[in-house]
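Residues per chain, in single letters:
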Amino acid sequence: MKSPVKPRPKTASKLVKPGRIQAVLRTLGSEIAQDLIPVGSTLPPEHDLESRFGVGRGVVREAIKTLAAKGLVSVRPRHGTHVRPRGDWSLLDRDVLSWLISKDEPNRDLLLALQEVRLIIEPAAAALAAERATAKDRRRIMTALAAMEASHDVPTAIIADKAFHLAIIDATHNPVLQGFRGAIDTILSAVFMVATGSPGWFNENLPNHAIAARAIDEGNAEKARAAMQQVLGYTQFKLSTKRKYGRNAKISPRQQTVNGKLRKKRVA
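Note that the structure is predicted; figures quoted are calculated from it, not measured.

**Student:** Any chance you could explain the overall build of the protein here in plain terms?
**Tutor:** The helix and strand tally for the protein stands at 12 helices and four strands. Buried residues in the protein amount to 43% of all 268 residues. Look at the contacts in the protein between residues 6 or more apart in sequence, and 74% of them connect residues 24 or more apart. Surface summary for the protein: the accessible area is close to 14,200 Å², and the carbon and sulfur share equals 54%.

**Student:** When you look at the nonpolar core in this model, what are you seeing that I'm missing?
**Tutor:** Inside soluble globular proteins, nonpolar side chains tend to come together where they are buried. Ranked by internal contacts, the top residues of the largest apolar core, which has 36 residues, are Ile-32, Leu-43, Leu-67 and Leu-72. Those elements giving two or more residues to this core turn out to be helix H1 (12-33), helix H3 (57-69), helix H4 (94-101), helix H5 (108-132), helix H9 (181-195) and helix H11 (221-241). Counting residues per element, this core draws most heavily on H1, which supplies six residues. Among the domains, domain 1 (17-89) and domain 2 (100-240) are the pair contributing at least three residues each to this core. Beyond its immediate stretch of four places on either side in the chain, Ile-32 contacts Ile-37, Leu-43, Leu-67, Leu-72, Val-73, Val-83 and Trp-89.

**Student:** Sorry, what's going on with the packing of H5 against H11 here?
**Tutor:** Pairs of packed helices are described in terms of their axes, by the angle between the two and the distance that separates them. Between H5 and H11, whose axes approach to 7 Å, the crossing angle comes to 170 degrees. Considered as vectors, H5 and H11 are oriented roughly antiparallel to each other. In this structure, the crossing between H5 and H11 has a hand that is right-handed. For the contact of H5 with H11, a count of residues per class yields 13 nonpolar, seven polar and six charged.

**Student:** What am I meant to see in the environment of Glu-62 here?
**Tutor:** Structurally, the position occupied by Glu-62 is in helix H3. Taking the C-alpha atoms as reference points, Glu-62 and Ile-21, separated by 41 residues in sequence, lie 6.7 Å from one another.

**Student:** I tried to follow unusual backbone geometry on my own but got confused; where do I start?
**Tutor:** Glycine aside, negative phi is the norm for most residues, and most peptide bonds take the trans geometry. Despite not being glycine, Asp-35 shows a phi value in the positive range, around 65 degrees. On the secondary structure map, Asp-35 appears in the loop between H1 and helix H2 (46-53).

**Student:** Mind showing me how you'd approach the pattern of salt bridges here?
**Tutor:** Where charged atoms of side chains with opposite charge meet at close range, the side chains can pair. Applying the stated criterion across every chain, the model contains 17 salt bridges. The shortest N-O distance in the salt bridge between Arg-94 and Asp-185 comes to 2.8 Å. Here Arg-94 is found in helix H4, whereas its partner Asp-185 is found in helix H9, with 91 residues between them in sequence. According to the relative accessible area criterion, Arg-94 is partly exposed, its value standing at 44%. For Lys-223, the salt bridge goes to Glu-218, with nearest N and O atoms at 3.9 Å. Relative accessible area serves as the criterion here: at 37%, Lys-223 is assigned to the partly exposed category. Counted as one network, the salt bridges with shared partners bring together Glu-46, Glu-50, Arg-57 and Arg-61.

Reading the values: the criteria
- Residues numbered from 1 in each chain as written.
- Predicted model: local features only at pLDDT ≥ 70, side-chain atom pairs only at ≥ 80, totals over all residues.
- Heavy atoms only, no water.
- Helix = DSSP H or I, 4+ residues; strand = E, 2+ residues; numbered from the N terminus.
- Buried < 20%, exposed > 50% of the residue type's maximum accessible area, 1.4 Å probe, protein only.
- Contact = heavy atoms within 4.5 Å.
- Areas by Shrake-Rupley, 256 points an atom, 1.4 Å probe, with all protein chains shown as cover.
- Core = buried A, V, L, I, M, F, W, Y, C linked by side-chain atoms within 4.5 Å.
- Domains from an automatic or database assignment.
- Axes fitted to C-alpha atoms, helices over the stretch in contact; angles between N-to-C directions.
- Parallel < 35°, antiparallel > 145°, perpendicular 65-115°, else oblique.
- Left-handed = near helix turned anticlockwise from the far one by under 90°.
- Nonpolar A, V, L, I, M, F, W, Y, C, P; charged D, E, K, R; others polar.
- Salt bridge = Lys/Arg side-chain N within 4 Å of Asp/Glu carboxyl O.

Below you can see the structure in the form of structure tokens.
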């Protein structure tokens, strides 16, 4: 009796290929988003990209195919790969948003535009959550609020604040709204990146978060909607008036502390 044929082990190149595609995709996507490869320009030929990244043609083609699917480039046989106008990009795509906000000084107009999207989506989501949240949903929201109130440093504050907003999106039980989770998560990251240089931002907005959470817990849709509008309106105001953007924004030691403790520099 013949022994069963064993499956052939995957080669090393096949094992690492997805990682290589992602590396090429991230680099080209970031360069396009940061205008290092401007709108209307042509990407280098495939063989040049293969040499630059040390990968095969299949890797380059898969990366470009993904860029095309996200609206960043158009591929025309014998005409090359061209960068499309920004209005054609899938700006709510998580990767595209990450590439756009990855630089040290995020664009003010972009941040305000992203915040406008939140103002359209999240107050309505809070109202739906008030109407539809299960007991488990309400516990998640209140637990996130408690974590925000108890957090003692920036990393834990960011985690708690993101959990709060995403729990509300989940509590709508609307699959289309839930599809915005990745975009909202990335937008929050951009806002946090700016807000960590703005003292007192989170402390002043925390009561609005609490009102929204309690309105959802009580099932009061209109109160939840209004409270979330207050949360986001405050953040919109701070973004529109903030002078210094980016990871390198400086605050003094006195601004960083309150009563000898680390000031909670959080937002959203």
